[in-house]
Amino acid sequence: MRRFRIYMRNRKYAESTIKQHEKNILLFLGWCENGKKSVRQCGYSEMIQFIDNILSSESEYKNGKRNINRILSSVTYYYDSMAEKYPSLRNPAKSLRIKNPNKRIVHGLLDNEELLSLYRCYGKQSPRHIRNQVIIGLLIFQGLTTAELQKLNVNDLLFEDGIVSIREGNYTTLKKRSQSRSLKLEAIQIVQMVEYLKNIRPKILSGKYQHDCGRKPGRGRRVRTSDQLILSLKGSPEIKNTLHHLFIDLHRYNPKVKSAKQLRQSLIANWLTRYDLRQVQYMAGHRYAGSTEWYKGANLEELKREIDRYHPLRRKIESVEY
């Protein structure tokens, strides 16, 4: 174990992390000792037996596949540290992990009619409602994330081509990096977008609505010139509060509405009923097809099969990836 500790310290791991790995390794070494198995001769079949032993035991580790993957990571580091002395030593845990340790299930989605009704729920044509309709349209027709909505510029709207251009996200602004894409604008959106760009947005920048926005004066950063498409009525480029109050309104109209993320998920699930997987992957800006496939679970029968397939602690050899 001393060699392992030196190996981890050389790689700048924290002491608390090293101690947790040591705890996991001792579990593996104890299993080898009890089963009279040589650590240096363990292979794939022995690792499968080790995993099965943990899942069938009464230990604290039995309650989730994610815990098993943490243990396998610790064992991997242990064998890597031993390989410094024994270069020919094979690492049986190197590429062995449990599939789908936490399978997410999509739920609470809205259908196409419910999404469209959100866009039409505003009967008034005040500056706030026109701007909010532009926001709702980009959420339910193009499936933008709130980070992409914040980054969207006036020049990203290409009315001549009838498209909106969404730039690639980055790790500082998005939790998960999104891909650049160009999406079609719906005819129903364009009238309100033109009204917002020509009449509402210039007045926001001039400060016309600064004292009519219903917020306390003097708060927030106001800009007088900006390429950012969506602004608060006070002229602030920060739209977090704008979205907060928008979703309060939408929830009153339809109690099922929770967040912009829910609207995006609903749209992607609906897209999958009309387009093929690769096309929806592009439209959603997903880097990987697996991210798009998740939304197939919105189908009720598929959802039932997913729940059955990924029920916690199912122990089958075919659930191991190698």
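Calculation rules
Residues numbered from 1 in each chain as written. Predicted model: local features only at pLDDT ≥ 70, side-chain atom pairs only at ≥ 80, totals over all residues. Heavy atoms only, no water. Helix = DSSP H or I, 4+ residues; strand = E, 2+ residues; numbered from the N terminus. Expected span 1.5 Å × (residues − 1). Buried < 20%, exposed > 50% of the residue type's maximum accessible area, 1.4 Å probe, protein only. Contact = heavy atoms within 4.5 Å. Phe/Tyr/Trp six-rings, centres within 6.5 Å; stacked < 30°, edge-to-face > 60°. Lys NZ or Arg CZ within 6 Å of the ring centre and 35° of its normal. pLDDT = per-residue confidence, 0-100. Salt bridge = Lys/Arg side-chain N within 4 Å of Asp/Glu carboxyl O. Pairing = 2+ DSSP bridges. 1 Å grid on protein atoms, 1.4 Å probe; cavity = no way out; pocket = protein on both sides within 12 Å on 5 of 7 lines; lining within 4 Å. Points joined across faces, edges and corners; volume = space filled by probe spheres on them. Nonpolar A, V, L, I, M, F, W, Y, C, P; charged D, E, K, R; others polar. Polar contact = N/O pair within 3.5 Å; in protein donor to acceptor, adjacent residues only side chain to side chain. Arc of directions from axis to C-beta.

Another point: helix α6 (residues 127-140). If you check α6, its first and last C-alpha atoms are 20 Å apart, about what 14 residues at 1.5 Å a residue would give, namely 20 Å. The buried fraction of α6 amounts to 12 of the 14 residues, a majority that puts the element mostly inside the structure. Buried residues of α6: His 129, Ile 130, Arg 131, Asn 132, Gln 133, Val 134, Ile 135, Ile 136, Gly 137, Leu 138, Leu 139 and Ile 140, and no others. For α6, the elements touching its buried residues are α5 (112-119), α7 (146-151), α8 (187-206), α9 (240-253) and α10 (260-271).

A word on the packing of aromatic side chains. Evaluated as defined, the whole model comprises 8 aromatic pairs. Ring geometry for Phe 28 against Phe 50: centres 5.1 Å apart, planes inclined by 75°, an arrangement best described as edge-to-face. Taken as a pair, Phe 28 in helix α2 (residues 15-34) and Phe 50 in helix α3 (residues 44-55) lie far apart in primary sequence, 22 residues in all. Taken individually, Phe 28 and Phe 50 each receive the classification buried, so the pair is uniform in this respect. One Lys or Arg, Arg 40, reaches over the ring of Tyr 86 and ends 4.0 Å from the middle of that ring.

Reading predicted coordinates in detail is not appropriate for stretches of low pLDDT. Residues at a pLDDT of 70 or more form 80% of the chain, whose mean pLDDT is 83. Taken as a whole, residues 171-175 scores under 50 in pLDDT and shows 8 contacts with residues more than four places along the chain or in a different chain. Long-range and interchain partners of residues 310-322, a stretch whose pLDDT sits below 50, account for 29 contacts in this model, where long-range means more than four residues apart.

This part is about the pattern of salt bridges. Proximity of charged atoms lets side chains of opposite charge pair with each other. Inspection of every chain in the model, using the stated rule, returns 9 salt bridges. The closest approach of N and O atoms between Glu 15 and Arg 9, which form a salt bridge, is 3.0 Å. Measuring nitrogen to oxygen at the nearest pair gives 2.9 Å for the salt bridge that ties Lys 256 to Glu 114. Taken together, the positions of Lys 256 in the loop between α9 and α10 and Glu 114 in helix α5 put the pair 142 residues apart, joining distant regions of the chain.

Moving on, we come to the sheet that holds strand β3 (residues 163-166). In space, the 3 strands of this open sheet follow the order β2-β3-β4, with antiparallel pairing throughout. Edge positions in the open sheet fall to β2 (157-158) and β4 (181-184), since each of these has one partner strand only. As judged from the 2 bridges shared by β2 and β3, these two strands associate in the antiparallel manner. Paired with Leu 157 across the bridge in β3 is Val 164.

Attention now goes to empty space enclosed by the protein. Any empty space left between atoms is shown by rolling a water-sized probe over those atoms. Evaluated as defined, the whole model comprises 1 cavity of 30 Å³ or more. Each pocket or cavity is described by its volume, and for the largest cavity that value is around 50 Å³. In terms of lining, the largest cavity is formed by Glu 148, Lys 151, Leu 152, Asp 156, Ser 165, Ile 166 and Arg 167. At the level of elements, α7 and β3 are the ones that each hand at least two residues to the lining of the largest cavity. Taken together, the residues of the lining of the largest cavity break down into 2 nonpolar, 1 polar and 4 charged.

Mapped onto the secondary structure, Tyr 282 falls in helix α11 (residues 277-284). Exposure remark for Tyr 282: the relative accessible area of 41% places this residue in the partly exposed category. Along the primary structure Tyr 282 and Ser 182 are separated by 100 residues, whereas in three dimensions their C-alpha atoms are 9.0 Å apart. In contact with Tyr 282, not counting residues within four places along its chain, are Ser 180, Arg 181 and Ser 182. A polar atom in the side chain of Tyr 282 sits 2.9 Å from the backbone nitrogen of Ser 182.

A word on the side chain of Gln 192. By secondary structure assignment, the location of Gln 192 is in helix α8. Ignoring anything within four residues of it in the chain, the contact list for Gln 192 reads Tyr 119, Gln 125, Ile 130, Gln 133 and Val 134.

The next thing to look at is the pairing of β4. Consecutive residues of a regular strand have side chains that alternate between opposite faces of the sheet. What you see with β4 is a clean split: Arg 181 and Leu 183 sit on the buried side and Ser 182 and Lys 184 on the side with no burial. Note: β3 against β4, 4 bridges, orientation antiparallel. Looking at β4, one finds that Ile 163 is bridged to Lys 184.

Turning our eyes to something else, we now look at α11. Where α11 is concerned, the buried positions are Val 280, Gln 281, Met 283 and Ala 284. Projected down its long axis, α11 carries its buried residues within an arc of 165°, all on one side. As for α11, its buried residues are in contact with β4, α10 and α12 (289-293). Capping the start of α11, Asp 276 holds a side-chain oxygen 3.2 Å from the backbone nitrogen of Arg 278, two or three residues further along. Where α11 terminates, the next one or two residues include Gly 285, which has phi positive at roughly 80°.

Another aspect to go through is unusual backbone geometry. Backbone geometry follows two general trends: most residues other than glycine have a negative phi, and most peptide bonds adopt the trans configuration. A positive phi angle, near 65°, is found at Lys 12, a position not held by glycine. Look at Lys 36: it is not a glycine, yet its phi comes out positive at around 55°. Tracing the chain through its elements places Lys 36 in the loop between α2 and α3.

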